[in-house]
Amino acid sequence: MNTAEDLARYVLPTYARFPVAPVRGEGTLLWDEDGNRYLDFCAGLATCSLGHGDTPLSRAIARQASELIHCCNLYQIDKQVELARCLVDECLELPGRVFFSNSGAESNDGLIKLARRFGQARPGPAGQPRHEILTFNKSFHGRTLGGIAATGQEKVKEGFAPLLPGFRHLELNDLSSLTSNIRPETCAILLEAIQGEGGIHLASREFLQGVQELCKEHDLLLLLDEVQCGLGRTGEMAGWRSIEPGLIPDAVSWAKGLGGGFPIGAFWISERIVTDNTPLFGLMGAGSHGSTFGGSPLACTAGITVLREVIDQELPARALRHERTIRETIASWQHPAITEVRGKGLLLGIGLNIEALRVPEGLPASIHLSGELASAGLLSPPAGPDTVRLMPPLTVSSGEIDEALEIFRHTLDRTSG
Ligand SMILES: Cc1ncc(COP(=O)(O)O)c(C=O)c1O
């Protein structure tokens with residue numbers, strides 16, 4: 001087994017990694033080579049929806065791999081139809097078309113390209129093309145040049161100037177600031193209904209309703225980044241519906257949970273008419289976008305199997321039941337190191353009271369606590385400086401939730417006061 005020093009010698013040091021080296025998983029559990037057992041409430045950063053070693057998923061992948069892994073998008077790929085149909089008819093229940101990518105950042109790049117085409121098809125009042133996309137502080141939209149330009153966090157942009165132009169970041173849930181910041185060149189609003197990496201911050205229902213109104217009034221596209229909060233984790237297949245069921249987006253991006261750990265991303269574009277009988281999806285016609293790997297038979301098989309299990313086993317409803325247990329248990333502790341629990345379903349952020357924790361100088365409280373939790377056998381990743389996340393596989397059992405909360409409380413006791 002290679003050591004952390006070997007990793008540092010050969011792998012680019014873009015991640016500050018915790019000293020945990022899983023080699024095997026089953027359900028919510030991971031083991032390292034020495035047999036140490038971890039409860040995985042990170043789930044590959046909200047990705048392993050069905051946990052580790054899921055039998056239907058691993059069998060479906062193995063079967064498809066032996067039949068056909070890849071054939072490229074010059075040819076008809078039946079599995080794309082099956083997966084797109086499930087996304088459109090069962091997850092969104094909104095008509096439109098799907099493009100398959102390989103990651104969340106790539107899916108968001110697709111939404112950015114759509115917004116640019118829309119801004120040209122429907123120019124501003126003086127006939128000038130519109131190109132500006134408004135996004136929000138603490139958002140995260142990925143690490144491509146498009147993704148970092150869209151992201152409302154300075155740290156992801158450092159040293160990468162010149163950035164892709166055409167983005168401004170505003171305060172989430174501040175409708176009057178949003179209203180006053182719409183300019184003639186603005187063509188779209190991009191948001192996460194529940195911000196994940198930025199610390200589990202929710203758009204309010206009133207804000208989402210206001211955004212929808214502003215989009216109608218100013219002819220803007222409403223783009224929803226569901227990469228982290230979509231496909232069941234928040235208790236709804238469409239994550240935003242756990243806050244505002246009536247919201248109708250123009251385009252949606254996904255990745256993470258869609259493949260249960262297998263890399264796949266996707267975005268959907270609505271079929272509402274934009275110009276001369278052209279539907280919105282028609283702005284992205286032949287030659288406008290592409291991906292060699294996107295939507296391979298193998299990736300789509302993973303996606304189909306994951307969505308079937310999530311839907312047929314009613315895992316979103318289970319996520320809501322687990323959320324209730326977690327909230328009730330944490331409230332009963334009245335722990336001075338916890339300020340609040342934010343989020344929905346199994347995308348939860350535990351806010352930390354930094355004053356109540358003993359944290360080594362210079363280290364964010366969230367990273368310190370995540371490290372302590374990992375050494376106690378619970379993987380619970382940080383989100384922002386003062387929040388740790390609980391986002392286990394959607395298949396997690398009640399017993400595993402209870403055990404994780406016990407570890408959490410003991411670790412907080414040990415590191416606070
Ligand atoms: C909301 C959101 N959008 C986009 C991304 C980027 O996804 P990926 O890492 O698959 O490119 C992430 C990743 O954390 C995310 O949380």
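Fair warning: this is a prediction, and the values are worked out from it, not measured in the lab. Going along each chain's sequence as written, the residues are numbered from 1 onward. Where local features are concerned, this predicted model is filtered to residues with pLDDT of at least 70; where side-chain atom pairs are given and counted, the filter is 80 or more; whole-chain, interface and lining totals use all residues. Note: side-chain values were computed over all heavy atoms of the structure, leaving out hydrogens and water.

Visitor: Please clarify how the packing of aromatic side chains should be interpreted in this entry.
Guide: Ring pairs (aromatic) are described by centroid distance and by the angle formed between their planes. For Phe, Tyr and Trp, rings pair up if their centres lie within 6.5 Å, where Trp contributes its six-membered ring, and each pair is then called stacked (planes under 30 degrees apart), edge-to-face (over 60) or tilted (otherwise). In the structure shown here, the tally under the stated rule is 3 aromatic pairs. Taken together, a centroid distance of 5.5 Å and an interplanar angle of 80 degrees make the contact between Phe136 and Phe207 edge-to-face. Within this pair, whereas Phe136 is found in strand E5 (residues 132-136), its partner Phe207 is found in helix H8 (residues 205-218), the two being separated by 71 residues in sequence. Per residue, the accessibility class of Phe136 equals that of Phe207, and both read buried. Ring centres of Trp333 and Phe408 lie 6.4 Å apart, and the angle between their planes is 20 degrees; on these two criteria the pair is classed as stacked. With Trp333 in helix H10 (residues 315-333) and Phe408 in helix H12 (residues 398-415), the pair connects residues that are 75 residues apart, well separated along the chain. Distance and angle both matter: a charge sits over a ring if NZ of Lys or CZ of Arg is within 6 Å of the ring centre and within 35 degrees of the ring normal. Sitting above the plane of the Trp31 ring, Arg24 keeps its charged end 4.3 Å from the centroid. A run of H or I in DSSP becomes a helix once it reaches four residues, and a run of E becomes a strand once it reaches two; helices and strands are each numbered from the N terminus. Whether a residue is buried, partly exposed or exposed follows from its accessible area with a 1.4 Å probe, protein chains only, as a fraction of its type maximum: under 20%, in between, or over 50%, in that order.

Visitor: How do you make sense of the domain arrangement of the chain when you look at a structure like this?
Guide: An automatic or database domain assignment is the source of the domain bounds shown. If you check the domain split of the chain, you get domain 1 (4-53 + 314-415) and domain 2 (57-312). A contact between two residues is defined here by any heavy atoms of the two lying within 4.5 Å. Facing the 29 residues of domain 1 at the interface are 29 residues of domain 2. In this assembly, domain 1 packs against domain 2 so that about 2200 Å² is buried in total across both faces, 59% of it on carbon and sulfur atoms. Salt bridges are counted wherever a side-chain nitrogen of Lys or Arg sits within 4 Å of a carboxyl oxygen of Asp or Glu. Linking domain 1 with domain 2 are 1 salt bridge. Polar contacts here mean pairs of N or O atoms no more than 3.5 Å apart (in protein, one a potential hydrogen donor and the other a potential acceptor; neighbouring residues in sequence count only if both atoms are side-chain atoms). Across the contact surface, domain 1 and domain 2 share 14 residue pairs in polar contact (both at pLDDT 80 or more). Taken together, the elements giving at least two residues each to the side of domain 1 that touches domain 2 come down to helix H2 (43-46), H10, strand E15 (338-344), strand E16 (347-352) and strand E18 (387-390). No other element matches H10, which puts 4 residues into the side of domain 1 that touches domain 2. Two parts placed together each lose some accessible area under a 1.4 Å probe, and adding up what both lose gives the buried area.

Visitor: How should the environment of Ala266 be read in this particular structure?
Guide: Locating Ala266 in the fold gives a position in strand E12 (residues 265-270). Ala266 sits in the buried class, given a relative accessible area of 0%. Residues contacting Ala266, with those up to four places away along its chain left out, are Leu87, Val98, Phe99, Phe100, Ser101, Ser107, Val252, Ser253, Trp254 and Leu258.

Visitor: Can you walk me through helix H3 (residues 55-67) in this structure?
Guide: Because each turn of an α-helix spans 3.6 residues, side chains separated by three or four positions end up pointing in the same direction. To estimate the expected span of a helix, count its residues, drop one, and scale the result by 1.5 Å. With 13 residues, H3 should cover 18 Å at 1.5 Å per step; its first-to-last C-alpha distance of 18 Å lies within 8% of that length. Three or more residues of H3 are buried, namely Leu57, Ala60 and Gln64. Buried residues in H3, looked at end-on, bunch into an arc of 70 degrees, giving them a common side. Pointing more than 90 degrees away from the buried face of H3 are the exposed residues Arg59, Arg63 and Ser66. Throughout, the arc means the angular range of directions from the helix axis out to the C-beta atoms.

Visitor: How should I be thinking about the site of the ligand in this particular structure?
Guide: Definition of nearness: a residue and a molecule or strand are near each other if at least one heavy atom of the residue lies within 4 Å of the molecule or strand. In the neighbourhood of the ligand, 13 residues make up the surrounding shell, with Gly104, Ala105, Asp225, Gln228 and Lys256 lying closest. One nitrogen or oxygen atom from the main chain of Phe140 is found 3.3 Å from a nitrogen atom belonging to the ligand. At 2.8 Å from a nitrogen atom of the ligand is found a side-chain nitrogen or oxygen belonging to Asp225. The greatest single-element share of the shell around the ligand, amounting to 3 residues, is contributed by helix H5 (residues 104-121). Classification convention: Asp, Glu, Lys, Arg as charged; Ala, Val, Leu, Ile, Met, Phe, Trp, Tyr, Cys, Pro as nonpolar; all other residues, Gly among them, as polar. Tallied by class, the residues present in the shell around the ligand amount to 3 nonpolar, 6 polar and 4 charged.

Visitor: I tried to follow the side chain of Ser291 on my own but got confused; where do I start?
Guide: Inspection of the secondary structure puts Ser291 in the loop between strand E14 (278-279) and helix H9 (297-312). At 3.1 Å, the side chain of Ser291 and the side chain of Asn102 are in polar contact. Setting aside residues up to four positions removed in sequence, Ser291 forms contacts with Asn73, Phe99, Phe100, Asn102 and Glu106.

Visitor: Please clarify how the environment of Leu222 should be interpreted in this entry.
Guide: Within the secondary structure layout, Leu222 lies in strand E10 (residues 221-225). For Leu222, a relative accessible area of 1% puts it in the buried group. Measuring from C-alpha to C-alpha, the distance between Leu222 and Gly152 comes to 17 Å, with 70 residues separating the pair along the chain. Not counting chain neighbours up to four residues away, the residues in contact with Leu222 comprise Ile189, Val211, Gln212, Cys215, Leu247, Ile248, Pro249, Asp250 and Ala251.

Visitor: Explain the nonpolar core to me, please; I cannot follow it from the model alone.
Guide: A general feature of soluble globular proteins is that nonpolar side chains tend to end up buried together. In terms of nonpolar packing, the biggest core is built from 86 residues, with Leu83, Leu87, Leu178, Ile189, Trp240, Leu307 and Phe408 touching the most fellow members. Counting the residues that make up this core, at least three belong to each of domain 1 (4-53 + 314-415) and domain 2 (57-312). Ranked by size, the runner-up nonpolar core spans 21 residues in total, among them Phe167, Leu190, Ala251 and Val274. The criterion is simple. A nonpolar core is a set of buried Ala, Val, Leu, Ile, Met, Phe, Trp, Tyr and Cys residues joined through side-chain atoms within 4.5 Å.

Visitor: How should the pairing of E16 be read in this particular structure?
Guide: Consecutive residues of a regular strand have side chains that alternate between opposite faces of the sheet. Among the 6 residues in E16, 6 count as buried, and that is most of the element. Of the two faces of E16, both are covered, the one formed by Leu347, Gly349 and Gly351 as well as the one formed by Leu348, Ile350 and Leu352. For two strands to be treated as a pair, DSSP must find at least two bridges joining them. Here E15 pairs with E16 via 6 bridges, running antiparallel. The residue of E16 that forms the bridge with Glu340 is Gly351.

Visitor: Looking at this model, I keep getting lost on the sheet that holds E16. Mind explaining?
Guide: Each strand in a sheet pairs with its neighbour through backbone hydrogen bonds, running either in the same direction (parallel) or in the opposite one (antiparallel). Overall, antiparallel pairing links the 3 strands, which are arranged E15-E16-E18 in an open sheet. The outermost strands of the open sheet, each flanked by one partner alone, are E15 and E18. In this sheet, adjacent strand axes meet at a mean angle of 20 degrees when their direction is disregarded. The axes are straight lines fitted to the C-alpha atoms, using for helices just the contacting stretch, and the angles between their N-to-C directions are given from 0 to 180°. Contacting E15, E16 and E18, H10 runs over the sheet at an angle of about 170 degrees to E15. Of the strands in this sheet, E15, E16 and E18 touch H12, which is tilted by about 165 degrees from E18.

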